[in-house]
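An overview of the molecular structure
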Amino acid sequence: MEIFILDILVTVIIMKEIYLAGGCFWGVQAYFQHIPGVIKTTVGYANGPHKIPTYQEVCQESGHAETVHIIYDSNRLPLECLLAYYYDIVDPISINRQGNDIGIQYRTGIYYINHNDTPIIEKSLHKLQAKYKQIIQIECVPLKNFYPAEEYHQNYLTKHPQGYCHIPKEKLQK
């Protein structure tokens, strides 16, 4: 009689998504691509007043924010941790500005699609606010719309490693 012992390791991935605006989306995307638990990132334009804007329209203050759509494994990377990473690369008290990038498209924002995420986001923003005397300026609203940016913007800093980014280079190389 033969006995077979089979060990099976099953990993359950619970994919969730969030949209984060934190200045120029090139660096935000490059940063999050190196975070364990992030499955996919896409840069685009969020929460503006009209459909399918071009980069030129966004730069002329169309009202959209340069945003990164992040799909992540919430078992491996809980939302609280993902937001802590986000807070590490933004200036939360700046209005419509991150680094040398100035304009409404460079505002900071957390745009969610799952209303169950709201208490987690609000709690993390409250903890962040406790670290500042000034009022933090990160928008926290449901996602109204998101349009992927033109292909040349996707993975821009991978294609152009010397490209500009307001995030320090050492944070982009985890």
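This text gives an overview of the structure that appears in the document.

Notes on the overall build of the protein
Along its length, the protein carries six helices and eight strands. Listed by position from the N terminus, the elements making up the protein come as β-α-β-α-β-α-β-β-β-α-β-β-α-α. Projected onto its principal axes, the C-alpha positions of the protein cover 75 × 40 × 35 Å. Expressed as a percentage of the 174 residues in the protein, the buried residues total 48%. Contacts in the protein between residues far apart in sequence, at least 24 positions, make up 76% of those at least 6 positions apart. Roughly 9900 Å² of accessible area belongs to the protein as shown, and the carbon and sulfur atoms make up 56% of that amount. The average position of the 15 basic charges and that of the 17 acidic charges among the side chains of the protein differ by 6 Å.

Regarding the pattern of salt bridges
Enumeration according to the criterion identifies four salt bridges in this entry. Arg 107 is the partner of Glu 139 in a salt bridge, and the nearest nitrogen-oxygen pair spans 2.9 Å. You can see Glu 139 sitting in strand 7 (residues 139–142) and its partner Arg 107 sitting in the loop between strand 5 (101–102) and strand 6 (108–112), a full 32 residues away along the chain. Judged by relative accessible area, which is 8%, Arg 107 ranks as buried.

Details of the side chain of Asn 145
Take Asn 145: it is sitting in the loop between strand 7 and strand 8 (146–148). The class for Asn 145 is buried, based on a relative accessible area of 15%. A distance of 2.8 Å separates the side chain of Asn 145 from the backbone nitrogen of Asn 47, its partner in a polar contact. Only 2.9 Å separates the side chain of Asn 145 from the backbone oxygen of Gly 48, close enough to count as a polar contact.

Rules used in this analysis
- Residues numbered from 1 in each chain as written.
- Predicted model: local features only at pLDDT ≥ 70, side-chain atom pairs only at ≥ 80, totals over all residues.
- Heavy atoms only, no water.
- Helix = DSSP H or I, 4+ residues; strand = E, 2+ residues; numbered from the N terminus.
- Buried < 20%, exposed > 50% of the residue type's maximum accessible area, 1.4 Å probe, protein only.
- Contact = heavy atoms within 4.5 Å.
- Areas by Shrake-Rupley, 256 points an atom, 1.4 Å probe, with all protein chains shown as cover.
- Lys, Arg positive; Asp, Glu negative; His and termini not counted.
- Charge placed at Lys NZ, Arg CZ, Asp CG, Glu CD.
- Salt bridge = Lys/Arg side-chain N within 4 Å of Asp/Glu carboxyl O.
- Polar contact = N/O pair within 3.5 Å; in protein donor to acceptor, adjacent residues only side chain to side chain.

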